[in-house]
Amino acid sequence: MTGAQPETKRGRTGKAVSTLLLAASVLALLRPMPLHAQETELRGEVSESAILSDQQRKVRQMSRARAQDLNGPATATADAPADTYSPASPGAVPDETDGTAANDSIFDQPAATDDPFVENPSPPKPRRTSTAKQRADDADKKADNDTAGKKKTKAADKKKTKQQTDPTATGTTTTADTGTAGEDQDGANRRAVTIDSVDRQKLDPGAERTASIEGQKIKPEDDPFAATGIKVGSFVFRPTLEQGFTATSNADASSGGTSAVLSETALRFSATSDWRENSATIDGYGIFRNTVSGQKINDAQGRIEGQLNVDLDNELRAIAKLGYEAVPESASSPDAIAGVTSQPLRQTVDGSLGIEKDVGKMRYALTGAITHDFYGDADLSDGTTLSQKDRDSTLYSATLRTGYQVSPAITPFVEVEAGRRVYDLRLDSNLYERSSTRLGARAGLELDMDDKLSGEFSVGWLREAIDDDRLPANAGPYVNADLKWSPERGTIVGLTGRTTIESTTTAGESGDVLYSGRLTGERQVRANLTANSALGLDWRDYTGSDGHDLILSAEAGLTWWLNRYAGLTTRVRTEKLNSNLAGRDYVANSIFLGLKVQR
């Protein structure tokens, strides 16, 4: 039986879902949404001119980017974009409405929109960065820009140097290269270099030939005629030999001396150590005289001495000295023996050892010294000899000095001395005990003003008391000086003073005190001409009597150097002795001319 079937629950649900889907479709179709084809202008046929214009725009953009990377910011203005292509037929290419459309391509993806149903929705807005992070990002960008600018500047400098170095890039070629720089950057053909362009390039300054040593400016020597010296082991040895003739009015400088012409040879030397620490010096001289005509003279004298300076620990310095001297007794000496063919030879061996220490500004020094004198026999005119053994003696002394450095240039000091003179024979030939005790004290000043003024001087009192009560003590003021002053370059003025107690074995006499002073001057007139002069004053005071001697002397000389190793020398000397004792006065004048060599 046919009739209407009852409507089930499942059927009613399906109809409701279909109705909802239909309603949603209608709403979606009715919403005003621009079509994608309208946005991308892909409706209908695309013209070939539009495609060509888009390709040309892309090529120009890539060319400008490459040019900016190579030429840097300096060429950014020259790389302005070229004019947009305009076809001959107006309307062939759609007009660009704004600046953004001019740089877009017809093949670019559509711009993102806020529509959630489009395929390329706009990205969400980024979070605002913090202030610290923003500063860090700005610093990084600035550093990157500086680095990129330096690289671009270096590339531009290299290119500029290459253009200046290439001899073919001159004249109109430079203009053509500048005008076609953009084309070269785009890969166009470049000018080919010549075959010899590599050989004609500028050399690297580091590969240029260095000037010869002889061509450089040489600093002039302070003294071009000074002795260079000879290297002997660790010492520099400087010898000097002087040979000449002396014409004198008094050959032996005595009251009975006569004139003579003498051959005189003088050998002097100095040696200085070349050690990194400590120092040592050795000095010596020898003089030999022989008669050519006139009074018979045949004698020799000399001295050698050495000094060693050693720096010890704890600011201690040690100074050691040792010397030997051999000199014939002078005919003008108070102990000269009459009626002899030659005076006895006096030999002296002396040595000292000193210790110095600085404590703040205080200066301390302790020195011990030994001096031994011994005499040879005197040859009498009758052929016999006279022994001088009773004159042999040894002096032991110790000196303590204390000073205070007021300034680096001035150091006042005081000094005390104690010693003992011991004769080899307790009694001499006249049965006198000649041994004595020595005491002295003095005060002085030490100066150190570099080359301007240096040295020291002191004054005080010195006394030697003889063991024999029948003989008075040798005593008197003490003066000692050793100064050098240079008022100007090439000029040296020296002052020396010395006080010496001279003992004797003459019966009933104690001896005398001798004061000696020398004022010397040396002037370098020219580089090869040196002048020197000296004034001498000696005063001898006899102990136990009013006897005295006054000795005056003057000397002047010149040395003309032919070269660094040889020169001519001459000197004139006069000496006079005045005494209140009979038979001691004399005058001696002499002139010397000779040749001086040095090494």
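Everything quoted here is computed from the prediction, not taken from an experiment.

Okay, the sheet that holds strand 11 (residues 385-386) next. Spatial strand order, 7-10-11: three strands in an open sheet with antiparallel pairing. Since the sheet does not close on itself, it has two edges, and those belong to strand 7 (340-342) and strand 11, each with one partner. Here strand 7 pairs with strand 10 (residues 378-380) via two bridges, running antiparallel. When the sheet's bridge partners are listed, S342 is paired in strand 10 with D379.

Moving on: the confidence of the model for the protein chain. Detailed reading of the predicted coordinates is not advisable wherever pLDDT is low. On average, residues of the protein chain score 79 in pLDDT, and 68% of them reach the 70 mark or higher. Per-element confidence in the protein chain is highest for strand 12 (residues 393-404), whose mean pLDDT is 96, and lowest for helix 6 (residues 172-179), whose mean pLDDT is 42. Segment residues 112-119: pLDDT under 50, and eleven contacts once partners within four positions in sequence are set aside and those in other chains are kept.

Before going further, it helps to examine a negative patch on the surface. Residues E446, D448, D450 and D451 make up a contiguous surface patch of negative charge. Along the polypeptide, D451 turns up in the loop between strand 14 (436-449) and strand 15 (453-466). Owing to a relative accessible area of 71%, D451 belongs among the exposed residues under this scheme.

With that out of the way, let us pick up unusual backbone geometry. Despite not being glycine, N278 shows a phi value in the positive range, around 60°. Residue position: N278 is located in the loop between strand 3 (260-273) and strand 4 (279-294).

Sheet topology places strand 19 (residues 529-542) next to strand 20 (residues 548-561); 13 bridges connect them, and they run antiparallel. Looking at strand 20, one finds that T530 is bridged to T559. If you look at the hairpin formed by strand 19 and strand 20, you'll find five residues sitting between the two strands, and G544 has a positive phi there, around 85°. As defined by bridge partners, strand 20 adjoins strand 21 (residues 566-579) across 13 bridges and the pair is classed as antiparallel. When the bridges of strand 21 are listed, S553 appears paired with E575.

Bringing the pattern of salt bridges into the picture now. Side chains that differ in charge, positive against negative, can pair when their charged atoms come close. The final tally for this structure, using the stated rule, is 32 salt bridges. For E356, the salt bridge is made with R317, and the minimal N-O distance between the two is 3.3 Å. One end of the pair, E356, is in strand 8 (residues 345-359); the other, R317, is in strand 6 (residues 316-328), with 39 residues separating them in the sequence. On the basis of relative accessible area, E356 is assigned to the partly exposed category, the value being 27%. Residues R391 and E329 are paired through a salt bridge, measuring 3.1 Å at the closest nitrogen-oxygen approach. Placement of R391 in the loop between strand 11 and strand 12 and of E329 in the loop between strand 6 and strand 7 is noted, with a sequence separation of 62 residues between them.

The final tally for this structure, using the stated rule, is two aromatic pairs. A centroid spacing of 5.6 Å and a plane angle of 75° characterise the contact between F235 and W275, whose relative ring orientation is edge-to-face. Residue F235 is found in strand 2 (residues 235-248), and its partner W275 is found in the loop between strand 3 and strand 4; the two are separated by 40 residues along the sequence. On the numbers, 5.7 Å between centres and 35° between planes, the contact of F237 with F269 is tilted. Residue F237 is found in strand 2, and its partner F269 is found in strand 3; the two are separated by 32 residues along the sequence. Residue class for F269 comes out partly exposed when judged on its relative accessible area of 23%.

About the criteria used
- Residues numbered from 1 in each chain as written.
- Predicted model: local features only at pLDDT ≥ 70, side-chain atom pairs only at ≥ 80, totals over all residues.
- Heavy atoms only, no water.
- Pairing = 2+ DSSP bridges.
- Helix = DSSP H or I, 4+ residues; strand = E, 2+ residues; numbered from the N terminus.
- pLDDT = per-residue confidence, 0-100.
- Contact = heavy atoms within 4.5 Å.
- Patch = residues over 30% accessible without salt bridge, like charges linked within 9 Å, V, L, I, M, F, W, Y side chains within 5 Å.
- Areas by Shrake-Rupley, 256 points an atom, 1.4 Å probe, with all protein chains shown as cover.
- Salt bridge = Lys/Arg side-chain N within 4 Å of Asp/Glu carboxyl O.
- Lys, Arg positive; Asp, Glu negative; His and termini not counted.
- Charge placed at Lys NZ, Arg CZ, Asp CG, Glu CD.
- Buried < 20%, exposed > 50% of the residue type's maximum accessible area, 1.4 Å probe, protein only.
- Phe/Tyr/Trp six-rings, centres within 6.5 Å; stacked < 30°, edge-to-face > 60°.

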